[in-house]
Amino acid sequence: MSLKKNKVSLAVLMLNMFIAMVGIGLIIPVLPVFLREFNAGGQTMGYLVAVFALTQFLFSPVAGEISDKYGRRIPIITGLFFFTLSQLIFAVGTEMWMLYVSRLLGGVGAAFMVPPMMAYVADITTEEERGKGMGLLGACMSLGFVIGPGIGGFLAEISLRVPFYSSAGIAAVATVLSILLLPETLSKETMEAARSSQRKKENMLLQMKRSFKAPYFMLLILVFTMTFGLANFEAIFGLFVDQKFAFTPKDISIVITAGALVGVFIQSMVVDKLLTRFGEVKVMYWTFIASSISMVFMLMAGSFWSILGVTVIFFTATSLVRPALNTLLSKMAGNEQGFVAGMNNMYMSIGNMFGPALAGILFDININFPYMLGAVILFLSFGLVYMFNSGHKALEKKPVPAGETGV
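All values reported here derive from a predicted model rather than from experimental measurement. (Residues numbered from 1 in each chain as written. Predicted model: local features only at pLDDT ≥ 70, side-chain atom pairs only at ≥ 80, totals over all residues. Heavy atoms only, no water.)

Asker: Lay out the overall build of the protein chain in plain terms, naming residues and giving numbers.
Answerer: What the protein chain contains, in helices and strands, is 16 helices and 0 strands. Residues counted as buried form 52% of the 407 residues belonging to the protein chain. Put simply, the protein chain shows about 17400 Å² of open surface, and 69% of that area lies on carbon and sulfur atoms. (Helix = DSSP H or I, 4+ residues; strand = E, 2+ residues; numbered from the N terminus. Buried < 20%, exposed > 50% of the residue type's maximum accessible area, 1.4 Å probe, protein only. Areas by Shrake-Rupley, 256 points an atom, 1.4 Å probe, with all protein chains shown as cover.)

Structure, rendered in structure tokens:
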């Protein structure tokens with residue numbers, strides 16, 4: 001299939017991804033004040049954030065398998081429905097158990113949306129177009145996750161429950177649009193072949209064990225380390241600049257927004273050309289190094305402008321590495337696009353669970369420790385890319401003359 005013939009489908013997917021990521025980030029600034037109504041403290045807040053990533057982790061492989069056997073469309077719509085229900089329950093919640101149910105359903109919804117959407121992009125693109133498709137989807141992911149807290153904080157000025165009602169309403173609209181405008185990409189024959197496969201149904205642990213033996217296992221580890229580093233950076237950024245530089249909420253908002261906008265521009269306009277020109281492996285080499293160095297520079301920064309510059313570099317690097325990883329994984333997936341997308345999301349969920357948790361623990365010991373750890377993890381990722389490439393030399397593209405690519 002060609003991307004040009006599927007512009008509407010890609011646009012619907014991008015909207016869905018944006019909504020999912022906004023919903024994840026939207027709760028962060030609202031939750032501390034919101035929980036005062038329940039006389040709950042920081043521990044409860046941490047649990048509510050964690051259970052979302054937990055259920056996303058648990059259900060991602062299930063969603064990937066379903067999308068291979070029953071098509072991409074059904075799990076995407078199901079995920080949007082669960083996400084809508086999640087936000088609505090949180091908005092009307094009057095008991096703590098309702099908030100937990102909401103976040104659990106939200107994680108299930110994200111699990112059923114993200115892997116099938118990535119597989120869907122693989123279905124509607126050629127190998128040459130896949131970097132661009134993954135880049136656009138990644139741009140919506142990055143933009144939604146980063147501006148979600150800003151949207152939540154703005155809407156909370158009207159009422160603490162308005163952000164959740166708004167998110168539920170937008171998610172409901174996206175569900176209807178998906179039902180009307182999102183066609184199935186898999187043929188009946190392909191789905192029937194997947195359902196009649198002799199392979200026994202595997203639980204999550206067995207699927208993870210199978211991923212250990214896959215030729216793309218190192219790439220899944222890199223998904224974890226990349227997500228760990230990004231979540232580590234974002235989780236304690238506000239606390240770090242507040243305590244070390246006395247940043248105001250306005251200062252923090254400017255820095256995060258600038259970094260997000262640059263990242264979105266890179267993913268939507270530049271990533272495809274870079275992947276075509278240099279190949280996924282070389283892009284990952286330089287982006288992991290750049291993100292590691294930027295974390296070190298964060299510890300050395302001493303002014304607003306230096307913090308802004310370091311943050312923009314970090315977001316630029318991570319905006320390039322995500323589509324490079326996703327594209328290479330998709331190319332190696334063969335007929336297991338759904339399974340690999342599910343594993344991708346599972347490893348990403350693990351990073352989203354452990355990155356912020358460990359960053360918070362280390363921050364209480366020393367405010368510099370989280371960025372020191374992040375720098376080490378991302379530098380080790382560079383070494384993993386080198387090891388992966390040593391065993392898969394054919395995947396590393398040679399530089400293409402600029403005249404042949406339009407770069």
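Asker: Before we move on, could you go through a nonpolar patch on the surface and cite the residues and values that matter?
Answerer: On the surface, Val8, Val176, Ile179, Leu180 and Leu181 cluster together into a nonpolar patch covering about 470 Å² of accessible area. Counting residues per element, the nonpolar patch draws most heavily on helix α6 (residues 162-181), which supplies 4 residues. Position of valine 8 relative to the elements: it lies in helix α1 (residues 7-34). (Patch = residues over 30% accessible without salt bridge, like charges linked within 9 Å, V, L, I, M, F, W, Y side chains within 5 Å. Salt bridge = Lys/Arg side-chain N within 4 Å of Asp/Glu carboxyl O.)

Asker: Tell me about the packing of helix α3 (residues 73-92) against α6, residues and numbers included.
Answerer: Two numbers describe how α3 lies on α6: the axes approach to 8 Å, and their chain directions differ by 160°. The angle between the axes of α3 and α6 places the two elements in the roughly antiparallel class. Crossing geometry of α3 relative to α6 is assigned as left-handed. Taking contact as the criterion, the partners of Arg73, Ile77, Leu80, Phe81, Phe83, Thr84, Gln87, Leu88, Phe90, Ala91 and Val92 in α3 are, on α6, Phe164, Tyr165, Ser167, Ala168, Ala171, Ala172, Ala174, Thr175, Ser178 and Ile179. In the contact of α3 with α6, the residues fall into 15 nonpolar, 5 polar and 1 charged. (Axes fitted to C-alpha atoms, helices over the stretch in contact; angles between N-to-C directions. Parallel < 35°, antiparallel > 145°, perpendicular 65-115°, else oblique. Left-handed = near helix turned anticlockwise from the far one by under 90°. Contact = heavy atoms within 4.5 Å. Nonpolar A, V, L, I, M, F, W, Y, C, P; charged D, E, K, R; others polar.)

Asker: How would you summarise the packing of helix α13 (residues 304-333) against helix α14 (residues 337-365) if you had to cite specific residues and measurements?
Answerer: Packing of α13 against α14 leaves a shortest axis separation of 9 Å and a crossing angle of 145°. Judged by the sense of rotation from one axis to the other, the crossing of α13 with α14 is right-handed. Across the interface between the two elements, Arg322, Asn326, Leu329, Ser330 and Ala333 from α13 touch Gln337, Val340, Asn344 and Met348 from α14.

Asker: Give me the nonpolar core: which residues, what numbers.
Answerer: Among the nonpolar cores identified, the biggest contains 86 residues, and Tyr216, Leu219, Phe237 and Met284 are the most heavily contacted of them. The dominant element in this core, judged by the number of residues it contributes, is α13, at 13 residues. Once you skip the residues sitting within four places of it in the chain, leucine 219 turns out to touch Met284, Leu325, Leu328, Leu329, Met332 and Phe388. Core analysis: the next-biggest nonpolar cluster, separate from the first, contains 8 residues, Val30, Phe34, Leu99 and Phe164 among them. (Core = buried A, V, L, I, M, F, W, Y, C linked by side-chain atoms within 4.5 Å.)

Asker: Can you explain the pattern of salt bridges? Please cite residues and give values.
Answerer: For the coordinates displayed, the defined rule picks out 5 salt bridges. Residue lysine 69 pairs with glutamate 65 through a salt bridge whose shortest N-O separation is 3.0 Å. One end of the pair, lysine 69, and the other, glutamate 65, are both in helix α2 (residues 42-70), 4 residues apart, so they sit about a helical turn from each other. Taking relative accessible area as the criterion, lysine 69 reaches 22% and is therefore assigned partly exposed. Across the pair aspartate 68 and arginine 72 runs a salt bridge whose closest N-O atoms are separated by 2.9 Å.

Asker: Lay out the confidence of the model for the protein chain in plain terms, naming residues and giving numbers.
Answerer: The pLDDT averaged across the protein chain works out to 79; a share of 85% of its residues lies at or above 70. For residues 394-407, every residue scores under 50 in pLDDT, and the model assigns this stretch 28 contacts once sequence neighbours within four places are set aside. (pLDDT = per-residue confidence, 0-100.)

Asker: Give me the lowdown on the environment of leucine 48, citing residues and values where you can.
Answerer: Mapped onto the fold, leucine 48 is located in helix α2. Leucine 48 sits 53 residues away from valine 101 along the chain, and the two C-alpha atoms are 9.5 Å apart.

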